[in-house]
Amino acid sequence: MLLLGGLLLAGCGGPAAGSAPVSETAEVTVFAAASLTDVFQEAAHSFSSGGRTGNVVFNFAGSQQLAGQLREGARADIFASADEMQMQAAIDAGRIGKGSVKTFACNQLMIGFGRRAADASDAAPEVESLLKLAQPGHKIVVGAEAVPIGQYTRRFLANAAQDERLGPEFRAGFEANIVSEEQNVRGILSKLQLGEADAGVVYASDLVGVTELPRMEIPAHLNISAIYPIALTRDSKQPEQAAAFVTFLFSEKGAAVLESHGFSTHCRAERPGETSDFADSGAF
Amino acid sequence: MRTTEAAEAMRIPVDRAGGGRRASRRLTRPGLAPFWSAVPMILFLALPLLALIWRTDLADVGTHLAQPVARRAIVLSLWTSATATLLTVLLGTPLALLMTRRQFRGRRALDTLIDLPTVLPPAVAGLALLMAFGRRGMLGQGLSVAGIEIAFTSLAVILAQLFVASPYYIRAAIGGLSRSAVELEEAAALDGADGRQIFRFVTVPLARASLLGGLVMTWARALGDFGATILFAGNYPGRTQTMPLAIYIGFELDLDVALALSVVLMATAFAILLLVKWLLGRTD
C-alpha cells in the first residue's frame, strides 16, 4: 500500500518538475514551411535513429499559414519559416523570442515545367528561354502574395523588369500568363505534376526529388536567395528536445541531409553571430 | 405532414413541435428533456459563431468589403453560384422527374449516385473533376485538343459548384415530386392537358415548396464551396477566387477582410435557412 502510494506520488511529481528528464514519449511539434516537407522528414528520421528518445511531429503548410496559426495560439515547439517576414510575424505575435532566431538553410528559385510542356526537355538557363514564358498561351502557376514563394517570385519578376533584355514587358507578359496563385509551394508542384500548368516558379529544392519534371535554372543575376530561419517558441513544452533537433540541423549530418535535398547551408556563415551558440555549426 | 416529409428528404430539420398544432400535443414528456442537458450542445454550436462576430469590427465591415479583393470575390461568388443554381434546375429537374415517374433497372444505384457528392469530401470532388475535365483528364484531353481548357477558369468554378451542390436540389425535387399526386396528373391528362401543361400547372405547383427549398440549399452550398473549387479551378482573384477562397487567403494576408467576408457568408447562410424553413412551413 505504501509502495503504491509512493508510485502514485512519483507519477504525479514527474511531469510537474520543471527540468524533468525527457520521457520516452516526448513529442516535439515542428511547424515547418511546405518546402521543407521532404528534407525535414528525413532529418527527423536520422535525428531519431541517432539514439535519441522522443518523436518529432510536423505541421507542414505555407509559412504564412503557420505564422497565422501561431498568432492564434497553436501549440508548437519549433517554427521553421521559408522567409524572414513570416518569422517576424511570429515574433510580432509574441510567440518567438527575437534572439532565438537562426538561419539554417538557403534556397533558390527555379522554373519547373508541366509534364507535357517544353517537349519534356530541360531548357537552358538563358534569358531567351525565359522570354518564352512571357509569350501568350502559357499557363503559369505561382505562389500567392502572402506565401514566401510568392514573395520571392515577385522579387524575381522585379529583377527581371530591371534587366535590359527582359524589361517591364517581360514581367507584364509573365503576369498575364498566371492562372493560379497557390497557397504553398507544394500546390504549385502538384499542378505541374498533374500537367494542368505549363510552368511554375518553385524552389530548386522542390525539384530535386521530382525527376519527371523538366526544369530551367534562373540566371544567377535574376535569382534570389531564400532565407530559412528557425526558432524555438517561447512556450515550448519540450525545450530541450526541440533544441536538440535544431542542433542536429546545424550539425554536419544535418547539413548533409539539407544539401542532399537541394538546400544550401553556406548562408549560415554569411550571417555571422546568429549561429554562434551552436558549437558544431562552426564549420559553415 | 407533407412538409416534414419533404424536409426529411432534404435533411432540413423542421421544428416539428412548434410547427403543427397536432404535433404540439406530442410534447408531454418534459422530464425526459431537461433544459440543462441540451446546454452544452447549444453553446458549442453558438459559441464559434458569436466569437466570429465578436472578433469582427462590425462598423468597419463595409470598408473591408469595399476592398478590391473582397469586392471581386463577392461578385464572382454571386454570378458563379447563380449560374450553377440555374444549371441545376435545367439539368436536375429532368433527373428528378425520371426518378419519380419511371421504374427502371439501376434506379437504386442512380439514387445513390445522386447522394454521393454530398458525402464525398470536397477535395475528392475537386480531384475527380480534374481527372475528368483536366488537361490530361478523360474528357479534358479531347477538349484540350479542340482548344477548350476548363481548369483555372470561372467555368471550372461553376462545374465544381454544380457537382457538389446540385444533389441538394435533386434530392429535394425527388421528395417533392414523388408526393405530388400522380392521380391529379392523370385527371389533368383525361381533361386533355398535354405533358407540358400538366408539368406547368399541376406537377410544379404541387411540389413548389420542396423545389424552392432545394434550390435555395443548392445555392447556399454552391456559395460556400471551397475544396472542390481550389483544387479544380485554382485561385486567381476575379477569375476563380470565390468568397471562401478569399477568406482562406485573407486569414493570412488581412484577417479583417477574412472576418468581414465570414460574417457576410454566415449571415447569408442564416437568412437562407430561415427562408427555407418559412417556405416549407407555409404549405401547412
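This text goes with the structure placed above it.
Keep in mind that what you see is a predicted model, and the values were worked out from it rather than measured.

**A closer look at the overall build of chain B**
- If you tally the helices and strands in chain B, you get 16 helices and zero strands.
- Here chain B holds 284 residues, and the buried ones make up 39% of them.
- The contacts of chain B with a sequence gap of at least 6 include a subset with a gap of at least 24, amounting to 74%.
- For chain B, the accessible area works out to roughly 15800 Å², and carbon and sulfur atoms hold 68% of it.

**Details of the pattern of salt bridges**
- The full count for this structure, using the stated rule, is 15 salt bridges over all chains.
- Two residues, Glu181 of chain A and Arg154 of chain A, come together in a salt bridge whose shortest N-O distance is 3.3 Å. Remark: Arg154 of chain A occurs in helix α6 (residues 148-162) and Glu181 of chain A occurs in strand β7 (residues 178-182); sequence separation between them is 27 residues.
- Of the residues examined, Arg154 of chain A reaches a relative accessible area of 27% and is grouped as partly exposed.
- Between Arg221 of chain B and Asp225 of chain B there is a salt bridge; the shortest N-O distance is 3.6 Å.
- Overall, Arg221 of chain B belongs to the partly exposed group, its relative accessible area being 21%.

**Some points on unusual backbone geometry**
All names here are of chain B.
- Unlike most non-glycine residues, Phe152 shows phi in positive territory, near 70°.
- As for its placement among the helices and strands, Phe152 is situated in the loop between α9 (140-145) and α10 (154-179).
- We classify Phe152 as buried; its relative accessible area is 2%.

**A closer look at the packing of α10 of chain B against helix α13 (residues 208-224) of chain B**
Residues and elements named next belong to chain B.
- At a closest axis distance of 8 Å, the pairing of α10 and α13 adopts a crossing angle of 165°. In terms of their interaxial angle, α10 and α13 are classed as roughly antiparallel. Both α10 and α13 take part in a crossing whose hand is right-handed. On the side of α10, the interface is formed by Gln161, Val164, Ala165, Ser166, Tyr168, Tyr169, Ala172, Ala173 and Gly176, while α13 contributes Ser210, Leu211, Gly214, Leu215, Met217, Thr218, Arg221 and Ala222.

**Quick word on the state of the cysteines**
All names here are of chain A.
- All chains considered together, the criterion is met by one disulfide over all chains.
- Covalently, Cys106 is tied to Cys267 through a disulfide, its sulfur atoms 2.2 Å apart. Since a negative S-S torsion denotes a left-handed disulfide, the Cys106-Cys267 link at about 120° is right-handed. In this pair, Cys106 is assigned in strand β4 (residues 102-107) and Cys267 in helix α11 (residues 267-270), connecting sequence segments 161 residues apart.

**Some details on the sheet that holds strand β10 (residues 226-232) of chain A**
Residues and elements named next belong to chain A.
- Taken together, five strands build an open sheet; the order of strands is β2-β1-β3-β10-β4 and the sheet is mixed. Each edge of the open sheet carries a strand with a single partner, namely β2 (55-61) and β4. Strand after strand, the sheet turns through a mean of 20° between neighbouring axes, direction not considered.
- By the bridge criterion, seven bridges tie strand β1 (residues 27-33) to β2 in an arrangement that is parallel. Its bridge partner lying in β2, Glu27 is registered against Asn55.

**Some details on the interface of chain B and chain A**
- Every contact between the two is made by 23 residues of chain B and, on the other side, 24 residues of chain A.
- Counting each side, the surface lost to burial between chain B and chain A is near 2200 Å², with a carbon and sulfur contribution of 50%.
- Notably, a salt bridge pairs Arg55 of chain B with Glu72 of chain A, separated by 3.4 Å at the nearest N-O pair.
- The tally of links between chain B and chain A comes to nine residue pairs in polar contact (both at pLDDT 80 or more).

**Comments concerning the nonpolar core**
Residue and element names in this part refer to chain A.
- Residues Leu36, Phe40, Phe104 and Phe245 are the most contacted members of the largest nonpolar core, which totals 86 residues.
- Top contributing element to this core by residue count: helix α9 (residues 239-250), with seven residues.
- Each residue touching Phe40, except ones within four places of it in the same chain, is listed here: Val30, Ala32, Phe58, Phe60, Ala80, Phe104, Ile230, Phe245 and Leu249.

**A short note on the sheet that holds strand β8 (residues 199-203) of chain A**
All names here are of chain A.
- Spatially, the five strands line up as an open sheet ordered β7-β6-β8-β5-β9, and their pairing is mixed. Of all strands in the sheet, those with a lone pairing partner are β7 and β9 (215-217), marking the two edges. When the angles between neighbouring strand axes are averaged without regard to direction, this sheet yields 30°.
- Inspection of the sheet shows strand β5 (residues 109-113) paired to β8 by five bridges, in the antiparallel sense. Considered in β8, the bridge of Met110 is made with Val202.
- Across the sheet, α6 is in contact with β5, β6 (140-143), β7 and β8; its angle to β8 comes to roughly 110°.
- The sheet strands contacting helix α7 (residues 167-176) are β6, β7 and β8, and the helix crosses β7 at an angle near 75°.

**Description of α6 of chain A**
- In a regular helix each residue adds 1.5 Å, so 15 residues correspond to 21 Å; α6 of chain A covers 21 Å between its end C-alpha atoms and thus fits that length.
- Restricting attention to buried positions, one finds in α6 of chain A the residues Pro148, Ile149, Gly150, Tyr152, Thr153, Phe156, Leu157, Ala160 and Ala161 of chain A.

**Quick notes on the packing of aromatic side chains**
- With the rule as written, the count across this model stands at 15 aromatic pairs over all chains.
- Site record: aromatic cluster; members linked through ring pairs are Phe40, Phe47, Phe58, Phe60, Phe104, Tyr152, Tyr203, Tyr228, Phe245, Phe248 and Phe263 of chain A.

Cut-off values and rules
- Residues numbered from 1 in each chain as written.
- Chains lettered and ligands numbered in written order.
- Predicted model: local features only at pLDDT ≥ 70, side-chain atom pairs only at ≥ 80, totals over all residues.
- Heavy atoms only, no water.
- Helix = DSSP H or I, 4+ residues; strand = E, 2+ residues; numbered from the N terminus.
- Buried < 20%, exposed > 50% of the residue type's maximum accessible area, 1.4 Å probe, protein only.
- Contact = heavy atoms within 4.5 Å.
- Areas by Shrake-Rupley, 256 points an atom, 1.4 Å probe, with all protein chains shown as cover.
- Salt bridge = Lys/Arg side-chain N within 4 Å of Asp/Glu carboxyl O.
- Axes fitted to C-alpha atoms, helices over the stretch in contact; angles between N-to-C directions.
- Parallel < 35°, antiparallel > 145°, perpendicular 65-115°, else oblique.
- Left-handed = near helix turned anticlockwise from the far one by under 90°.
- Disulfide = S-S within 2.5 Å.
- Pairing = 2+ DSSP bridges.
- Buried area = accessible area lost by both parts, 1.4 Å probe.
- Polar contact = N/O pair within 3.5 Å; in protein donor to acceptor, adjacent residues only side chain to side chain.
- Core = buried A, V, L, I, M, F, W, Y, C linked by side-chain atoms within 4.5 Å.
- Expected span 1.5 Å × (residues − 1).
- Phe/Tyr/Trp six-rings, centres within 6.5 Å; stacked < 30°, edge-to-face > 60°.

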